[in-house]
Structure formats: C-alpha cells, structure tokens
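What follows is the residue order along each chain.
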Amino acid sequence: MILATLIWGSPAWLIPAGVITIVVLGLVAWSYWRAAAKPSPKLIAATFKIAAIVALAACLLEPLFSGMRPRPGANLFVLIADDSRSLRIRDAHDRATRGDELKQQLTSESSWQTRLATDFDLRRYAFDRRVHPVDDFESLSFEGSGSVLFSSLSHVAKRLHGRPNAGMLLFTDGHSTDELTQLAAIKDLPPIYPVVVGGEDELRDIRVIQVAVSQTNFEAAPVTVATEIGVAGIEGETIIVQLLDEEDKELQRAKLKGSASDKSLAHRFLFRPTVPGISFYKIRAFAESDEKKLATPERIVEATFENNVRWAVVDRGGGPYRVLYVTGRPNWEFKFLRRALQEDDEVDLVGLVRIAKKEPKFTFRGRTGETTNPLFRGFGNQGDEQAEQYDQAVLLRIGTEDAEELRDGFPQASEELFRYHAIILDDVDAANFTQDQMSLIQEFVSQRGGGFLMLGGRESFAGGEYARTPIGELLPVYVDAATTEPAENYNLMLTREGWLQPWVRVRETEPSEQKRLDEMPAFKTVNRVRSIKPGASVLAHIQTREGESYPALVVQRFGKGRAAASMVGDMWRWNLRRAESGESDLEKSWRQTVRWLVADVPGRVGIETHHDTSDPSAPTELIVTVRDDKYRSLDNATVVVKVMTPAGTEVMLPAEASAEKAGTYVAVFSSRMTGPHHAEVVVTAEDGSEIGRREAGWVSEPETEEFQKLTPDRELLEDLAARTGGEVIELDRLDSFVDSLPNRKIPVTEPWVYPLWHQWTVFAFAIGCLVGEWGLRRWNGLP
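The notes below deal with the structure included here. These numbers come from a predicted model, not from an experiment.

1. Notes on the overall build of the protein
For step 1, the next point in the chain: Along the backbone of the protein there are 16 helices and 33 strands.
For step 2, the next point in the chain: Within the protein, buried positions represent 49% of all 783 residues.
For step 3, the next point in the chain: Long-range contacts, defined here as pairs at least 24 residues apart, represent 73% of the contacts in the protein between residues at least 6 apart.
For step 4, the next point in the chain: With the model as given, the accessible surface of the protein reaches about 38,700 Å², and the carbon-plus-sulfur share is 51%.

2. A few points about the pattern of salt bridges
For step 1, the next point in the chain: Taken as a whole and judged by the stated rule, the model has 39 salt bridges.
For step 2, the next point in the chain: Arg123 is paired through a salt bridge with Asp121; the nearest N and O atoms lie 3.1 Å apart.
For step 3, the next point in the chain: Classification of Asp121 by relative accessible area gives partly exposed; the value is 24%.
For step 4, the next point in the chain: The closest approach of N and O atoms between Asp570 and Arg573, which form a salt bridge, is 2.5 Å.
For step 5, the next point in the chain: Judged by relative accessible area, which is 1%, Asp570 ranks as buried.

3. Looking at the packing of helix α6 (residues 332–341) against helix α12 (residues 585–598)
For step 1, the next point in the chain: The contact between α6 and α12 brings their axes to 8 Å, and the two run at 75°. Relative to α12, the element α6 lies roughly perpendicular. Counted together, Glu333, Phe336, Leu337, Arg339, Ala340 and Leu341 of α6 and Leu586, Glu587, Trp590, Arg591 and Val594 of α12 form the full contact between these two elements.
For step 2, the next point in the chain: In terms of residue class, the contact of α6 with α12 is built from seven nonpolar, no polar and four charged.

4. A closer look at the sheet that holds strand β31 (residues 690–700)
For step 1, the next point in the chain: In space, the four strands of this open sheet follow the order β27-β26-β30-β31, with antiparallel pairing throughout. On the outer flanks of this sheet lie β27 (650–654) and β31, each paired with one strand and no other. With direction set aside, neighbouring strand axes in the sheet form an average angle of 20°.
For step 2, the next point in the chain: Pairing of strand β26 (residues 638–644) with strand β30 (residues 675–684) involves seven bridges; the strand directions are antiparallel. Counted as the bridge partner of Thr638 is Thr684 from β30.

5. A closer look at empty space enclosed by the protein
For step 1, the next point in the chain: Taken as a whole, this structure holds two cavities of 30 Å³ or more when the rule is applied.
For step 2, the next point in the chain: Counted as a void, the largest cavity has a volume near 290 Å³.
For step 3, the next point in the chain: Taken together, 18 residues line the largest cavity, and the ones lying closest to its centre are Leu553, Ser566, Met571, Ser589 and Thr593.
For step 4, the next point in the chain: Within the residue set of the lining of the largest cavity, elements represented by two or more residues are β19 (451–455), β20 (491–494), β22 (549–558) and α12.
For step 5, the next point in the chain: Among the elements that make up the lining of the largest cavity, the one with the highest residue count is α12 (four residues).
For step 6, the next point in the chain: When grouped by side-chain class, the residues that make up the lining of the largest cavity number 14 nonpolar, three polar and one charged.
For step 7, the next point in the chain: In this model, the second largest cavity occupies a volume close to 40 Å³.
For step 8, the next point in the chain: Lining the second largest cavity, in full, are Gly449, Arg557, Lys560, Gly561, Arg562, Leu597, Asp600 and Val601.
For step 9, the next point in the chain: Of the residues that constitute the lining of the second largest cavity, the class distribution is two nonpolar, two polar and four charged.

6. Let's talk about the sheet that holds strand β8 (residues 205–215)
For step 1, the next point in the chain: On the basis of which strands lie adjacent, the open sheet formed by three strands has the order β8-β9-β12 and antiparallel pairing. For this open sheet the edge positions go to β8 and β12 (265–271), each flanked by a neighbour on one side alone. Direction aside, neighbouring strands of the sheet carry axes that sit 20° apart on average.

7. Observations concerning the nonpolar core
For step 1, the next point in the chain: Ranked by internal contacts, the top residues of the largest apolar core, which has 44 residues, are Val323, Leu337, Ile424 and Ile542.
For step 2, the next point in the chain: If one sorts the elements of this core by residue count, α12 sits on top with six residues.

8. Points about the packing of aromatic side chains
For step 1, the next point in the chain: Taken as a whole and judged by the stated rule, the model has 15 aromatic pairs.
For step 2, the next point in the chain: Ring pairing ties together the aromatic residues Phe77, Phe120, Tyr193 and Phe737, which thus form one cluster.
For step 3, the next point in the chain: In this structure, Lys335 packs its charged tip against the face of Phe336, placed 5.9 Å from the ring centre.
For step 4, the next point in the chain: Cation over ring: Lys533 sits above Tyr478, and NZ or CZ is 5.9 Å from the ring centre.

9. Thoughts on the pairing of strand β3 (residues 75–82)
For step 1, the next point in the chain: Burial analysis of β3 places eight of its eight residues in the buried class, the great majority of the element.
For step 2, the next point in the chain: Neither face of β3 is exposed, since Asn75, Phe77, Leu79 and Ala81 on one face and Leu76, Val78, Ile80 and Asp82 on the opposite face are all buried.
For step 3, the next point in the chain: Pairing geometry for β3 and strand β4 (residues 120–127), over eight bridges, is parallel. What sits directly across from Val78, in β4, is Arg123.
For step 4, the next point in the chain: Across five bridges, β3 lies against strand β6 (residues 165–172) in parallel orientation. Directly across from Ala81, in β6, lies its bridge partner Phe171.

10. Digging into helix α3 (residues 98–105)
For step 1, the next point in the chain: The set of residues buried in α3 consists of Arg98, Gly99 and Leu102. Seen end-on, α3 carries its buried residues on one side only, within an arc spanning 95°.
For step 2, the next point in the chain: Elements that come into contact with the buried residues of α3 comprise β3 and β6.

11. A short note on the environment of Asn636
For step 1, the next point in the chain: Summarising the element assignment, Asn636 is placed in the loop between β25 (620–626) and β26.
For step 2, the next point in the chain: Judged by relative accessible area, Asn636 falls into the partly exposed class, the value being 37%.
For step 3, the next point in the chain: Along the chain, Asn636 and Thr684 lie 48 residues apart, while their C-alpha atoms are 9.3 Å from each other.
For step 4, the next point in the chain: Not counting chain neighbours up to four residues away, the residues in contact with Asn636 comprise Tyr665 and Glu686.
For step 5, the next point in the chain: Among the polar contacts made by the side chain of Asn636, one reaches the side chain of Glu686 at a distance of 2.7 Å.

12. Digging into helix α4 (residues 111–119)
Note on helix geometry: an α-helix contains 3.6 residues per turn, so any two residues three or four positions apart are oriented the same way.
For step 1, the next point in the chain: Here α4 has its buried residues at Trp112, Gln113 and Leu116. The buried side chains of α4 occupy one side of the element, clustering within an arc of 95° when seen end-on.

13. Comments concerning the side chain of Asn527
For step 1, the next point in the chain: Following the sequence through the fold, Asn527 ends up in the loop between α11 (510–519) and β21 (537–543).
For step 2, the next point in the chain: Looking at Asn527, its side chain comes within polar contact range of the main-chain nitrogen of Gly457, at 2.8 Å.
For step 3, the next point in the chain: A polar contact is formed between the side chain of Asn527 and the backbone oxygen of Ser460, at a distance of 3.5 Å.

14. Structural notes on the pairing of β31
For step 1, the next point in the chain: Pairing of β30 with β31 involves 10 bridges; the strand directions are antiparallel. Within β31, the position partnered with Pro676 by the bridge is Val699.
For step 2, the next point in the chain: From the end of β30 to the start of β31, which pair antiparallel, there are five residues, and Gly688 there has a positive phi angle of about 90°.

How each quantity is defined
- Note on numbering: residues in each chain are counted from 1, in written sequence order.
- Side-chain atom pairs in this predicted model are given and counted only at pLDDT of 80 or more, local residue features only at pLDDT of at least 70, and totals for whole chains, interfaces and linings cover all residues.
- Neither water nor hydrogens contribute to the side-chain values; these are computed over all heavy atoms in the structure.
- Helix and strand definitions here come from DSSP, where helices need a minimum of 4 consecutive H or I residues and strands a minimum of 2 consecutive E residues; each element is numbered from the N-terminal end.
- The buried label applies to any residue whose accessible area, calculated with a 1.4 Å probe on protein chains only, is under 20% of its type's maximum; exposed applies above 50%, and partly exposed to all values in between.
- Residues count as neighbours in contact if any of their non-hydrogen atoms are within 4.5 Å of one another.
- Note on areas: Shrake-Rupley, 1.4 Å probe, and residue coverage restricted to the protein chains presented here.
- Definition used for salt bridges: Asp or Glu carboxyl oxygen within 4 Å of a side-chain nitrogen of Lys or Arg.
- Structural elements are reduced to axes, namely lines fitted to C-alpha atoms, with helices fitted over the stretch in contact, and the angle between N-to-C directions of any two is expressed from 0 to 180 degrees.
- Note on angle classes: values under 35 degrees are labelled roughly parallel, values over 145 roughly antiparallel, values of 65 to 115 roughly perpendicular, and the remainder oblique.
- Residues were grouped as follows: Ala, Val, Leu, Ile, Met, Phe, Trp, Tyr, Cys and Pro as nonpolar; Asp, Glu, Lys and Arg as charged; and all remaining residues, including Gly, as polar.
- A pair of strands is labelled paired if DSSP reports no fewer than 2 bridges between them.
- Using protein atoms alone on a 1 Å grid, points that fit a 1.4 Å probe yet trap it form a cavity, whereas open point sets bounded by protein on both sides within 12 Å along at least five of seven lines form a pocket; residues with an atom within 4 Å of a point count as lining.
- Grid points are joined across faces, edges and corners, and a volume is the space filled by probe spheres set on the points.
- Note on terminology: a nonpolar core comprises buried Ala, Val, Leu, Ile, Met, Phe, Trp, Tyr and Cys residues joined through side-chain atoms within 4.5 Å.
- Under the pairing criterion, centres of Phe, Tyr and Trp rings, with the six-membered ring standing for Trp, must be within 6.5 Å; the plane angle then separates stacked pairs below 30 degrees from edge-to-face pairs above 60, leaving the rest tilted.
- Here, a charge over a ring means that NZ of Lys or CZ of Arg falls within 6 Å of the ring centre while also lying within 35 degrees of the ring normal.
- When we speak of the arc, we mean the arc of directions from the helix axis to the C-beta atoms.
- For this analysis, a polar contact is any N or O atom pair within 3.5 Å, provided that within protein one partner can donate a hydrogen and the other can accept it, and provided that sequence-adjacent residues contribute only side-chain to side-chain pairs.

See below:
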C-alpha cells in the first residue's frame, strides 16, 4: 500500500462551499424539527441527507490524493541467493531441506516477484565461493563449497555502482566463509534486506572446529596435532576421534565423552611421520554408535557429515642437512655423534678431525731440500704443493661427498662454508682458524642463518683462547676469563627453560625424564664460564657436590641463526652405563640437538604459501625466495612451480620476479577444488644448472568453515541490515514486504495524483444517501 496525502485542488471554494453547506444543513435541521414523526426515523433520514450534502460540497473543493512512487523500471532491485551446501541441511521435523524451501519461494511464478518486477528492474545473482548472475533461481543446486557472503555483496554493489539501487534481498542462512572486512564501505551499499533461511532449533551434530599442527625436535613424537571437537545434541555419548593418513588408514584414535553442556572437546595426537617432506593427515570425529555407518554417511543420524573431517599439513623439511664437525683431536664424542646420525637419513655429518697440530718447519728434520712433512713421505705422486707442510695441521676428512670437499682444510670462502647447515666445534682452539675463517663462521650464523654449537673440552671456550674473536662474539657465554676445572663429579640438571624445550628432553613424560637425569653418570670435564650473555637462555646446568651450579647448556639467537654452547666435555660417559639392549639416550639426544641446530636454517630455495583467510575465494600465492651460493638474493633465476591438485592433475605455473623484493618470485594458483594441494618448486640458474627444489602444501576446505554453525546466524544478518538501513525479512513475509517497498526510501521516484472528486463512487454515494433519505420519509409518512 502506497501512503498518500490528501490535498484540495480548489481551495478558493472553501468559503463558498462552507457557507452553502451551513445554510443547507440549517434548512434540513429546521424541516425535520417541524416534522411530526418518531425521533429515530427523523435522525437517520437527516444523517443520510447531511452526508450527501457534505460529499457534494466537498467536490466543490476538488479533493485529491497525492504521493510519490517508484518510477517503473528506473530503479534496480537485486535478488541474491545462497547456493552453498549449508542449505542442504534439514531442520528438525522437516522432510524438505532448507534449499528446497527456498526454491519454492524463488519460483518465477511467485506473486511477490511479479509485483516487484512491475516497479523495479530486477537483477538476480547466486553465490557460493563466487558470485554470478542468473536468469532465474531454478538452477540453484546447493553444491557450492563455501559461502563468500560479504565479498558477494561488495562485488554486486561495485558492479552496479552509479546506478539507482533500491536494495538487495539476501536469501541466506548467514553462514559466511569470508569475513566482514571483505564488505565494501557501508556508504556504498544499498539497503540490504536479509531473508533468514532455516529454523532456530538445535540440531544433532559433531564437528571438527579446528586443527593446529606444531612440530618439535623431540624424536619420539616430533609432530603434535591438536584438535578441537564441537558437539551439539550428543549428551553422554562417546565420540571417536581418528587420525588418518591420505589413504584413510587409521594411525591413532581417541575416545571422548560428550557433555550435557555441549562444550567443545579437545585432544592431541603425538606421532612421528614416516616420510620426510610434505604429508597430509585427516582428523575425523563421529559418534561411536555411527562407526559402522561410515561407509554410508546418509544413514548417520546427524544434521550433516560435511564438518566431521578436517585436514592437517605437516612439513618435515627438505633434507639432507649437512653438518660440519670440526675437532682438535680424535675423541669419543665424534664416535657417538657419528653413530647417532647414521640413523637419521636427513642429516649428513662431515667430519674434519685434526690429527696433528701445526709445528715449526726446520730444514734439518728432513732430507736435503725437502719442505714437506715427512709423515706423508712415500705417498705416491704428491708434489710439494699438494703435500701437507710442516706449518699446517694434519687433518682427516670423514664423510665428504667427493675428493675436493675440504681438501684444503676448513673452508676459507663463503660459497664453500655456506653449503652446510650447521657447524660443531669440539675441543679445538682458536689458533686452528685464521681471522678470516672465524669472521666467516660468524657470518655463517648471522647472515646465512646457520646453526653453531661449541662443545666443551680443554681447548674450547676460554681454554681455546676465543676471547675477543668473532667466534667468541657469537657464543652465548663470556669466554674472556679462564677458570680452573677441579677434578670432581658434576651432575646434570635441567632448568625451567630446559624442561620446556622438547629437543632437550629425551623421555616422553616428566617422571621418566627425571628418572633419566637421576641415573645419568657424573661428568668430570666441564668448562666453567664467567656468565651468560644478555638474551641467552640456560637450558641445563651442572651441580657440584657442594651444591654450586654452573651453566651446562646455553643457547641464544645470533642474527638470522642460533648459537649454542655445551660446557660438558665428556658427554660420552652418558653412553657407558646404558643397557646393552636398550635405546641409547645419548644418541637420541644428539639427533634431537642436531635437528634443533638445522631446523630453521634456510636453503638456497625457499617457498611459502599465502592465502587470504578472510576471503576463501582469493587465490593462493606461492612466494619463492632464491639465493646464490653466497646466500645473496638471486634475481636472474628461472622458477617453475608444479601444483598437484586434489583430483590428481598437475598444473605448471611460471613464477614471476617480484618488483618489491630482490630474489623473490611469486606464482598465483586459483582452484575451486577442496582438499590438499601439493606444490614443488624447481629453480634453475642462467646456465641451466639446477639451484634447488622445495615442496609446500596447503589445504582448501571452505565447506568445513561453513558448517561450523548449523543454526542461522540471525545476529549477523540483523547487524548487516542495521548497518545498511535495511531489516530482516522472514521467508513467509515476502508479499507484505513487497507491498511496503513503495513507502521506503527509493532513489528514483515520480509524483502521482488521484482525483477523488472525479470518481463516480463519490456521486454514487451522494445519490445513495439521498435515495435512502427519501425512502425513509415515504416509509414513515413524512412530508
């Protein structure tokens, strides 16, 4: 109904019409007053005649109805419907899905659409992960894996920007997989009238709310998958949570009890992946009573099974990692370290063992004219330039890739040293290195981002005269003052910070770890240090019989890398007391320590995935960083990314160099498929040689986000309507809403006038009143 205003077309006739009306009314009253009849017939007859006289007198003023109405076809009106899977839910006691009920209201023959099309230029859209125009809503299938509600509204508003838009009818349950930040400025949006689809009754449901993956260097269970399970209408039932691999093979399971308050449940899976690199795992939750029905999900008594599974991505890194071990003498420590790392396929240990120190060169010690070390006399064709000299240390190389690696001893160039991921110095003094080599080690940690560990010994720390050297600067302890080492027993203990570091612990539980510490043998070789540096953390300390404590394991960040100092010089004693058939705690500790050293060390090729979580329809960016052999940004590389989709198809993507950051290349991948995606990047240099490869993985599961809540989000829709000047409309009130539209704020309107005095009904009313008055007079015998 259109609201109108009553106006008078001939206001100049007001006084004459009033005078005539008063005179005639006076005559009518006088004539009926003189008539001899009962009062009631006279009153009724007089009323009829007065009504006729007033109606005819009003016609002299030409009464008009006037108002504003939408100009037909001049204003747009948008109908936008949700086409996502969440509308396939059946409400309690309903046989039809929410989508079926919506399609019944959106048929082209509906009366409200017909009336709406009379006054407005209708535009119809449907949205799931994307928004698209439709001719009608018969094509709605409710198969969309996502619901970008806010992005869709913004897209349509921008598309129709500059044109008069009277409003949007939004048909949805309010479940959005994007965020409110994707909504355009409120001032640019027309009034939005959300139509709530779905009931408010609670539905039976089990859902995986979120999955979080954390990785440590704890060997027994380096990966932790924490999951949160939401339940509704599952009071007192047992919930089964499974950890599955990509082939749906069960790895672990847990049983949780549903509470009466429907509070979310939490569980953590601890496990060790069997393969390096990228792996995908599933978390699935369901009621124990439904386990036998998993093969036929339609038999499961839940509102939906779409939200019972979520994916987890685990990246165990890309090896092999190369660790350079340098020691000043053959020792037991290297033996046990090497034995421990033989069980880790991802770590290659390269040893550089000094057999003999430098010694002064005296000509009388050799034969006449001989300048080489006589220890190497008789080894074939070694010339004077190749054989070790008297003033060179005698070094033994172990685990090298080829004959050229470390041929000249410790690397002297960055491209030689930076090929390693970590450096371990054990009982070797500063005199073993040149000043340039020590500066190179410092750059290895601070710029290349490598790991550094110094082990205790008589020629380590202050005993190795590292004070005021580049290596001394990167150590987490001060080595400017040497201290004596009384021969006594030292017991190792973890600090509070050490208990919190998984790579420092060896056993899985705190009691077993404490028992392990209590059973450890006493150590006799310890480098006491004056103090630790600011920012460093003490993870373990040693304690004397008198109760005095000294740092035993100290770590710190140094530039892009990390540095550690282990002041105990005879850790090998730990392995002497273990049971012959038992697992070696020392070897396990070594593997965890080395893994910690190389964990965050960048390679020459790195890849990161970036996805705008506020907009699931946004493409995934694959950001590749490339460095040369000196770990400087490399711009002239060729980068190709191979993406394996959930369907098993391979997509090749060229990566373009970034204009913002040197050595960075960006590839963009957009897919409507849900599930795990695996990417491999291959980088080649200008000469065609391969620089390196890296893997990355991510999961797209917008449908899981959409089913996190099953009841309509009325609060969100009410807020959206209030922000834009609209209101929430019920699905069965569309007809009344369309009737009220002309009385709402419309961009383009036109005036309309309805001449009331010119209508035959007015004269028919006056004649009817006069005829009625005449009839009453005759009936009652009035003159």
